[in-house]
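# Observations on chain architecture
Next come the chains, spelled out residue by residue.
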Amino acid sequence: MSKEVLVTVKGTQTNEFGEKDTIELVTRGNYYYKNNSYYIVYNESRLSGLEGTTTSLKAEPDRVTLNRMGAAEMKQIFQEGVHNQGMYVTSCGSLEMRVLPRKVKVLLDHSGGSIDLGYDIEMGSKKLGYNELSITVKEL
């Protein structure tokens, strides 16, 4: 199974002061199923601040792997209760990034569905806040 889909990515960041910032990206992407995992691949835009970057998500029942390649590079694994540390690499330099997922919900089938993530995020040794990421996939 492989198809072109409409991908909606909505991200909400809540900083240490409780202030929220939300962005939403709607774009075409590719969706496929391979080795018992669903994959979503799409290009980032200027809106996300990651223009020139391709994002791929590998969704398993209890784990999501996010991989960015291009202008910004990062690999992050989201599994409830499991800290994951990685490097966020941009043209301006690299930062150590760490996430602690509180919610990893994967509801995908061959026609589409959703991924919902909720996680604490730290860069270096500083906690930046709580992020929520909702990704939906719909057939065109």
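Here, the structure is the one placed above.
Residues numbered from 1 in each chain as written. Predicted model: local features only at pLDDT ≥ 70, side-chain atom pairs only at ≥ 80, totals over all residues. Heavy atoms only, no water.

### Description of a nonpolar patch on the surface
Rules: In this analysis, a patch consists of residues with relative accessible area above 30% that form no salt bridge, clustered at 9 Å for like charges and at 5 Å for the nonpolar side chains Val, Leu, Ile, Met, Phe, Trp and Tyr. The protein chains shown are the only cover counted for residues, whose accessible areas, like all others here, come from Shrake-Rupley with a 1.4 Å probe. Should a side-chain nitrogen of Lys or Arg be within 4 Å of a carboxyl oxygen of Asp or Glu, the pair is scored as a salt bridge. Only runs of H or I of at least four residues qualify as helices and only runs of E of at least two qualify as strands under DSSP, and these elements are numbered from the N terminus. To sort residues, take the accessible area from a 1.4 Å probe on protein chains only and compare it with the maximum for the residue type: under 20% means buried, over 50% means exposed, and anything in between is partly exposed.
Together, Leu6, Val26 and Leu140 make up an exposed nonpolar region whose accessible area comes to about 260 Å². Summarising the element assignment, Leu140 is placed in the segment after strand E10 (126-139). Assessed through its relative accessible area of 56%, Leu140 is described here as exposed.

### A few points about unusual backbone geometry
Where the residue is not glycine, phi is negative for most of them; where a peptide bond is considered, it is trans in most cases. Here the phi dihedral of Asn35 falls at roughly 50°; this positive angle occurs in a residue that is not glycine. Locating Asn35 in the fold gives a position in the loop between strand E2 (20-34) and strand E3 (37-43). Residue classification places Asn35 among the exposed residues on the basis of a relative accessible area of 66%.

### Some words on the packing of aromatic side chains
Keep this limit in mind: Stacked, tilted and edge-to-face are the three classes applied to pairs of Phe, Tyr and Trp rings, where Trp contributes its six-membered ring and a pair requires centres within 6.5 Å; stacked means planes under 30 degrees apart, edge-to-face means over 60, and tilted covers the rest.
Evaluated as defined, the whole model comprises 4 aromatic pairs. Ring geometry for Tyr32 and Tyr39: centres 4.9 Å apart, planes at 10°, overall stacked. With a relative accessible area of 27%, Tyr32 lands in the partly exposed category. A connected cluster of aromatic rings, assembled from ring pairs, spans Tyr31, Tyr33 and Tyr38.

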